Structure formats: structure tokens, C-alpha cells
Amino acid sequence: MNVFLVTQNKSHEVEFSHEFIWSPKRNKKGGMTAGFETMKDVRRGDIILNTYDQAIKGVSVAKEDVYSSDRPDLPEFDTEDSWNIDGWRVDVSIVPVDFSLRDDREYFSENKGQTFDKRGMLQQRYLSKLTPELIAYFDARIPEFSAQLKADINVPQGSGTK
């Protein structure tokens, strides 16, 4: 099992209410981005922390492996036509939470991995894999996340892999 963090801004409400995450495979210029490429790594049972506005807003579990999918045909999704049609999708079940990331920026700046920048702010990256240190940090502070980690009896607490 892996643990990821998804940074949702424009897509937060629709992805949250329809219980999925989606990204294009390539950016509008045809280039690859690390956050979109990471989508290929999501497997059934992986945990995804949903973030919006510098806060964790949900703890999700992937219902199935990532799959190739056109951009969702929902009127409220990508209203500015910002993304290519060809993409990756993961259907998830979500438990809402509200955990601010603003209070511990110093910690995040020291333990940033792919997720945080040197100021402790979330990177502009759609999906990132969490380090064992960040998994342990969130495990100790978000009961819904901790419960999900413990639900997978094959994963020692604080571990990011099977």
C-alpha cells in the first residue's frame, strides 16, 4: 500500500462530490509533469489525502487501480478547458476531514519530499507520494487517516509499503 497526497484546487468540489481523482496524462503543451505521472502508480487500497486551500479535506481509499479515462464529462469540471482530454482516473471512497497544514510549516519545510516546498507550503504538483516521515506525522494527528492505515492489517503503522 502507498500513501499519496493530491492537491486539488479548481477540481476539488467536483472530484470530492463525485469521489474520484483525475488528471490529464500530459499538459496542454504535450509535456509530461511529475504530478500527472504519479497517477500511474495508484493501486486499489492505496490511501490518498485530498487537499484544498492548504488543508487536508478528505482521506480517500482507491477503489480500483488507476485507469485510462477521458476528462470527466461533467458541466462543472474543467470549465476553462485547461486540461487535455486523455487522462488518468482513480475512483475513491472519501471520508471528510478538516486538518490545516498552515500550523506546521516549519516541520513541512524540513520534511518536504515531493509534497512541500522549502517554505512548508504544498508544491504545485497534482499528486505526490508521501514519505514515511509524513505518513507518521499524519498518522499521529488525523484519526481518520490513522484508522485507515490500521484497517490494512498487512501494513505496519507508519509504513508506506507492503
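The pairing of strand β2 (residues 20–24) with strand β6 (residues 86–100) spans five bridges and is classified as antiparallel. Each bridged residue has a counterpart across the sheet, and for S23 the counterpart in β6 is W88. Relative to β6, strand β4 (residues 55–62) is paired through seven bridges, and the arrangement is antiparallel. Bridge pairing in β6 places G58 opposite P96.

We now examine the side chain of S69. With respect to the helices and strands, the residue S69 is situated in strand β5 (residues 67–70). A relative accessible area of 14% means that S69 is categorised as buried. Filtering out sequence-adjacent residues up to four positions away, S69 remains in contact with W22, I85, D86, G87, W88 and R89.

Bringing the pattern of salt bridges into the picture now. Evaluation of the coordinates by the stated rule reveals five salt bridges. Linking K40 and E37 is a salt bridge whose minimum nitrogen-to-oxygen distance equals 2.8 Å. For K40, a relative accessible area of 34% translates into the label partly exposed. The exposure class of E37 is partly exposed, given its relative accessible area of 22%. Where K57 meets D98, a salt bridge forms, and the shortest distance between an N and an O atom there is 3.0 Å.

Rules used in this analysis
- Position numbers for residues count from 1 along each chain, tracking the sequence in the order it is written.
- In keeping with the predicted nature of the model, local features appear solely for residues at pLDDT of at least 70, side-chain atom pairs appear and are counted solely at 80 or more, and the whole-chain, interface and lining totals rest on all residues.
- No hydrogens and no water enter the side-chain calculation; it runs on all heavy atoms of the structure.
- One requirement defines pairing of two strands: DSSP has to find at least two bridges between them.
- Runs of E in the DSSP output that reach at least two residues are strands. Runs of H or I that reach at least four are helices, and both are numbered from the N terminus.
- Under the scheme applied here, a residue whose accessible area is under 20% of the maximum for its type counts as buried, over 50% as exposed, and between as partly exposed, the area being computed with a 1.4 Å probe on protein chains only.
- Whether two residues are in contact is decided by their heavy atoms: any pair within 4.5 Å suffices.
- Salt bridge, as used here: a side-chain nitrogen of Lys or Arg that lies within 4 Å of a carboxyl oxygen of Asp or Glu.

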